[in-house]
Amino acid sequence: MTELYDLHCHSTASDGALSPAEVVQRAHQHGVTALALTDHDTAAGLTQAMACALATGIRLIAGIELSASWQNKCFHIVGLGIDPTYTPLVKATYNLQQIRLERAEKIAGKLEKKRIPGALEAVKKAAGDGMITRTHFADFLLSQNHVSSQQEAFDRYLAKGKPAYVATVWAELELAVNWITEAGGVAVLAHPLRYKLTANWMKRLLTAFKDAGGQGIEVVTGRINADEIKLAADYATRFQLAGSMGSDFHNPVNPWIELGRLAPLPKDIKPVWELLG
Ligand code: AMP
Ligand code: MN
Ligand code: MN
Ligand code: MN
């Protein structure tokens, strides 16, 4: 049987639309044989996902996507093959949850100034026990007809430079990589082209990431074209990083980002799963 890896996706534990079990089911239906659930700053979905994976026969890799700050910018570090009970990692996710809650209060305050009340209650309710994310705010703005799409919510309110944007200090990059590595996992730089860095900044970032113990970089992500794959693969080669692939699936509404719908990893790239136990 040919393996199909999807090492990046989200559930209701953060800003995904499906429960962890539903994500696993859907991945299985789409031919994924090895799945990493990588919710934003939380491992809380992994227990349910694992139970479903065992019942389904799909291989589940315990994952997380940590929000990290470096040089006043936010980067996402995916951890693969982590022990989700590793105490410093658990503590870190608790801190990040607080950071997210405080940021949510500030975002809601800014929206209120724009005469959009009720956001905090709405996102808290929508997130439930899970992490509150900007996606929840986007969904709230959409539900109240302030925007006509999630994308528009980011473009008009939530993205950097927009009226409801709140600059946030996340975990330090070096710490985030350390927690993952010490939890027995492999740290992977998520969606490297989404940060819109110059080549020089990219070089600085990858140097810092490698120095901290980072071992992988996403080369194939959902909705990426052949030129972009080549660019990301070049970074993997130049910085001797293993290549990962993951859809960053969030919900079934966007058919162009589907679980397992991924181009193959370029042949000359060392697959990150070779580093997983
Ligand atoms: P947060 O970590 O709470 O700041 O939220 C980040 C999440 O918002 C990302 O993981 C994406 O799922 C989503 N997101 C960020 N930027 C955009 C955008 N421009 N359009 C749609 N979704 C976005
Ligand atoms: Mn997200
Ligand atoms: Mn991300
Ligand atoms: Mn993601």
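Here the structure is a predicted model, which means the values were calculated and not measured. (Residues numbered from 1 in each chain as written. Chains lettered and ligands numbered in written order. Predicted model: local features only at pLDDT ≥ 70, side-chain atom pairs only at ≥ 80, totals over all residues. Heavy atoms only, no water.)

Before going further, it helps to examine the overall build of the chain. For the chain, the count of helices and strands is nine helices and eight strands. The C-alpha radius of gyration computed for the chain amounts to 18 Å, which stays within 12% of the reference 19 Å derived for 277 residues, consistent with globular compactness. Here the C-alpha coordinates of the chain stretch approximately 55 × 45 × 40 Å along the principal axes. Here the analysis covers contacts within the chain between residues at least 6 apart in sequence; of these, 72% occur between residues at least 24 apart. If you average the places of the 28 positive and of the 28 negative side-chain charges in the chain, the two averages end up 7 Å apart. (Helix = DSSP H or I, 4+ residues; strand = E, 2+ residues; numbered from the N terminus. Rg over C-alpha atoms; globule rule 2.2 N^0.38 Å. Contact = heavy atoms within 4.5 Å. Lys, Arg positive; Asp, Glu negative; His and termini not counted. Charge placed at Lys NZ, Arg CZ, Asp CG, Glu CD.)

This part covers the coordination of the manganese ion (ligand 3). For the manganese ion (ligand 3), the full set of protein donor atoms is E65 (OE), H76 (ND1) and H191 (NE2), at a range of 2.1 to 2.2 Å. Read in sequence order, the donor residues coordinating the manganese ion (ligand 3) give the pattern E-x10-H-x114-H. Metal-to-metal, the separation of the manganese ion (ligand 3) and the manganese ion (ligand 2) is 5.6 Å. In this pair, H76 sits in strand β4 (residues 73-80) while H191 sits in the loop between β6 (186-189) and α8 (199-212), placing the two residues 115 residues apart along the sequence. Of the two residues examined, H76 and H191, each falls in the buried class. (Donors = N, O, S within 2.8 Å, 3.2 Å for Na, K, Ca; no water. Buried < 20%, exposed > 50% of the residue type's maximum accessible area, 1.4 Å probe, protein only.)

Here we come to the packing of helix α3 (residues 87-113) against helix α5 (residues 134-143). Contact geometry for α3 and α5: axes closest at 11 Å, N-to-C directions at 30 degrees. One way to sum up the angle between α3 and α5 is to call them roughly parallel. For the pair α3 and α5, the crossing hand works out as right-handed. Listed contacts from α5 to R103, A104, I107, A108 and L111 of α3 are R134, F137 and L141. Of the residues assigned to the contact of α3 with α5, the class counts are six nonpolar, no polar and two charged. (Axes fitted to C-alpha atoms, helices over the stretch in contact; angles between N-to-C directions. Parallel < 35°, antiparallel > 145°, perpendicular 65-115°, else oblique. Left-handed = near helix turned anticlockwise from the far one by under 90°. Nonpolar A, V, L, I, M, F, W, Y, C, P; charged D, E, K, R; others polar.)

Once that is clear, we can look at the coordination of the manganese ion (ligand 2). The protein atoms donating to the manganese ion (ligand 2) are D15 (OD), H40 (NE2) and H250 (NE2), with metal-donor distances spanning 2.1 to 2.2 Å. Between the donor residues of the manganese ion (ligand 2), the gaps in sequence give the motif D-x24-H-x209-H.

Below, the discussion takes up the nonpolar core. One recurring pattern in soluble globular proteins is that nonpolar side chains are buried together. In terms of nonpolar packing, the biggest core is built from 73 residues, with L35, I77, L80, L206 and V219 touching the most fellow members. Residue contributions to this core peak at seven residues, all from strand β3 (residues 59-70). Excluding residues within four positions of it along the chain, L80 makes contact with L7, A36, T38, I61, A62, G185, V186, V188, S244, V272 and L276. Counting 21 residues, the second-largest nonpolar core is a separate cluster that includes A104, I132, V147 and F154. (Core = buried A, V, L, I, M, F, W, Y, C linked by side-chain atoms within 4.5 Å.)

In total, this model carries zero disulfides according to the counting rule given. In this structure C9 is a free cysteine whose sulfur lies 12 Å from that of C52, the closest cysteine sulfur available. Its sulfur unpaired, C74 is 19 Å from the next cysteine sulfur, which belongs to C9. (Disulfide = S-S within 2.5 Å.)

Here the chain is described as being made up of domain 1 (5-85 + 172-275) and domain 2 (93-158). Using C-alpha coordinates to define each centre, domain 1 is positioned 24 Å away from domain 2. Across the boundary between the two partners, domain 1 contributes 10 residues, which contact nine residues of domain 2. The contact between domain 1 and domain 2 buries some 730 Å² in all, and 54% of this surface belongs to carbon and sulfur atoms. Broken down residue by residue, the surface that domain 1 buries against domain 2 is led by S14, D15 and D41, which jointly contribute 51%. In this structure, D41 and R100 form a salt bridge, with 2.9 Å as the shortest nitrogen-oxygen distance. Taken together, domain 1 and domain 2 are joined by five residue pairs in polar contact (both at pLDDT 80 or more). Looking at the side of domain 1 that touches domain 2 residue by residue, the class counts come to three nonpolar, five polar and two charged. (Domains from an automatic or database assignment. Buried area = accessible area lost by both parts, 1.4 Å probe. Salt bridge = Lys/Arg side-chain N within 4 Å of Asp/Glu carboxyl O. Polar contact = N/O pair within 3.5 Å; in protein donor to acceptor, adjacent residues only side chain to side chain.)

This paragraph deals with the packing of aromatic side chains. In total, this model carries four aromatic pairs according to the counting rule given. Taken together, a centroid distance of 3.8 Å and an interplanar angle of 5 degrees make the contact between Y5 and W273 stacked. One end of the pair, Y5, is in strand β1 (residues 5-6); the other, W273, is in the segment after β8 (242-246), with 268 residues separating them in the sequence. Taken as a pair, Y5 and W273 share a single burial class, namely buried. Ring geometry for F75 against Y195: centres 4.7 Å apart, planes inclined by 65 degrees, an arrangement best described as edge-to-face. Here Y195 lies in the loop between β6 and α8 and F75 lies in strand β4, a separation of 120 residues in the sequence. (Phe/Tyr/Trp six-rings, centres within 6.5 Å; stacked < 30°, edge-to-face > 60°.)

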